[in-house]
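# Overview (structure and organization)
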Amino acid sequence: MKFSCEKYLLQAACNIASRAAASKSPIPALEGLQISCEDKLYIKGYDLKKGIVTGIDADISQRGVIVVGARLFGEMIRRLPDGIVVVSTDEKDNISVKCGKSQFNILGISAEDYPELPSFDTVNSIRLPQRVLKDMINKTLFAVSTDEVRPIYTGTLFEVEEDRLTLVSVDGYRLARRTEKLENSKLESCSFVVPGSALSDVEKICTDEEEGEVSISVGQKHISFEIGDTVVITRRLEGEFLNYRRSIPESFKYEIKVDRAEFMASIDRVSLIVSEKNSSPVRMTVNDGTIDCLCVTPIGRAEDVCTCEGNGEGLLIGFNDRYMKDALKAAGCDELKLCVNTAASPCIIKAADGSEDFTYMVLPVRLHA
C-alpha cells in the first residue's frame, strides 16, 4: 500500500475516525485506525458499538489496507511539518511515514484482525441540513443521562411525525425537547433512540454551512449518519423511553417572562459560592416584577435580583444552578417564559413569543428551612 496526500487532510480524517477507536480494548486492533487505499483513501475507527469511516482525496500509488494505532498515528501526523505526507507499507506490515525531512517507521497491525462495520437494511431515511441537526443536538445533548443503570436514557429520542422531527433528552432531573420542521423527508412516522456519545461525534462533524446535508438511515438495530464523505454508524438503544408528553404540564398557575441574559447573570452571580464540597440550591422568590435569587453555603451568602414580567405571589422555589443554567444557555432566544404551578412541580421554560421550537423542563430541589 502506498499513498500521498496533504497533511491537513490526513490529520482531519484521523481526528474524525479516532472518535470511534476504542481507548482500551482486549482486541488491540480496535484501538487502531484502519487505513485502506481504494478509489479514495478511507480511514475507519470502530469500537464494536460505534463506527466512523471518512474518505479523503489522495494520490494512490498502490492499493492495500493496514491498521495502525490511533493515538500514535494521530500524534505522528499532527507533529509532522506542513506539506505532502507519503505513507507506504510492506508485506510484513511495516509502515513508513515521510513528510519533508521527517520520517517514521512503525509496526502496523494486519487488517485481518479488524472487524467489519455492521451492515443493515434501511427501513427509513431522512435528509436535513447539517446546521439544523447540529443545532438540535447541541440544544438537547446536555440533558442526556450518564447513568448506565438506565441505558435508554443515555441516548436521545428521535421522533418523526408527518413533517416534523423532534429530539428529546432526559436524565431524571431535567428534560430537553427541540422540534424542527422537515422539508424533504421520506421518513415515515417512527421513533428511535441514538446514544449520546454518537450524537456528540455527529455534532462535531457537522458544519454550520448553509449547503451541507446529513442523510440519516434507520435500520432495525443500527442508525447511520452520512455527513459529506463521513459516515457514522451506531447501534440503536433498546427500551421504553419516557412518555415526555405526559411529563410536561399543560396548564400553569404562574407564567413569568424574563430576559434570558439577565436571568442567567443573576444565577451565575449567586452560584459563585457553590462548589462540589459546598453544594446548595439557588432559592428563587418570585414576586411581582422581580425574582429574588439567594444562595447560602458554608462559604457565605449571595443575593441578586432579576427583573421580570408577571407576579409569582411570593412563590419560593429552589433549583440546581447548573441544571437551570444549561437550559437557559441552550434556549438561545432573548426572552423566555418560566411556567410553574407549585414549589414542588417542574419549571417549564419556553420561548416568550409562543413558538414551540423548544421546551425545557427542570425539576425543583426540595428546600430546607
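Residues numbered from 1 in each chain as written. Predicted model: local features only at pLDDT ≥ 70, side-chain atom pairs only at ≥ 80, totals over all residues. Heavy atoms only, no water.

A separate point is the packing of helix H6 (residues 260-270) against helix H7 (residues 321-331). Relative to each other, H6 and H7 sit at 160°, their axes nearing to 10 Å. Judged by the inter-axis angle, H6 sits roughly antiparallel to H7. When you trace H6 past H7, the crossing you get is left-handed. Residues Arg260, Phe263, Met264, Ile267 and Asp268 of H6 form the contact with H7, whose participating residues are Asp321, Met324, Lys325, Leu328, Lys329 and Ala331. For the contact of H6 with H7, the per-class residue count stands at six nonpolar, no polar and five charged. (Axes fitted to C-alpha atoms, helices over the stretch in contact; angles between N-to-C directions. Helix = DSSP H or I, 4+ residues; strand = E, 2+ residues; numbered from the N terminus. Parallel < 35°, antiparallel > 145°, perpendicular 65-115°, else oblique. Left-handed = near helix turned anticlockwise from the far one by under 90°. Contact = heavy atoms within 4.5 Å. Nonpolar A, V, L, I, M, F, W, Y, C, P; charged D, E, K, R; others polar.)

A full pass over the atoms with the stated rule returns 22 salt bridges. Here Lys181 ties to Asp163 by a salt bridge, and the two come within 3.9 Å at their closest N and O atoms. Of this pair, Lys181 sits in strand E13 (residues 174-181) while Asp163 sits in the loop between strand E11 (155-161) and strand E12 (164-170), and the two are 18 residues apart along the sequence. Accessibility expressed as a relative area gives 54% for Lys181, which makes it exposed. For Asp163, a relative accessible area of 30% puts it in the partly exposed group. (Salt bridge = Lys/Arg side-chain N within 4 Å of Asp/Glu carboxyl O. Buried < 20%, exposed > 50% of the residue type's maximum accessible area, 1.4 Å probe, protein only.)

Strand order in the open sheet made by the five strands is E5-E1-E7-E8-E9, with antiparallel pairing throughout. Edge positions in the sheet fall to strand E5 (59-62) and strand E9 (102-107), since each has one partner strand and no second. Taken pair by pair, the neighbouring strands of this sheet meet at an average axis angle of 15°, ignoring direction. By the bridge criterion, four bridges tie strand E7 (residues 84-89) to strand E8 (residues 94-99) in an arrangement that is antiparallel. In the sheet register, Ser88 faces E8, and the bridge partner there is Ser96. In the packing of helix H1 (residues 7-17) onto the sheet, the strands contacted are strand E1 (2-6) and E7, and the crossing angle to E1 comes to about 100°. (Pairing = 2+ DSSP bridges.)

With that out of the way, let us pick up the pairing of E13. Among the eight residues of E13, six are classified as buried, and the element is accordingly described as predominantly covered. Pairing geometry for E12 and E13, over seven bridges, is antiparallel. By the bridge assignment for E13, Thr166 is matched with Thr179. Hairpin connection between E12 and E13: a loop of three residues separates the two successive antiparallel strands, and Gly172 in this loop has a positive phi of roughly 95°. In the sheet, E13 pairs with strand E23 (residues 358-362) via five bridges, with the strands oriented antiparallel. Bridging across to E23, Arg178 finds its partner in Phe358.

Limitation: the analysis is restricted to geometry and does not speak to function.
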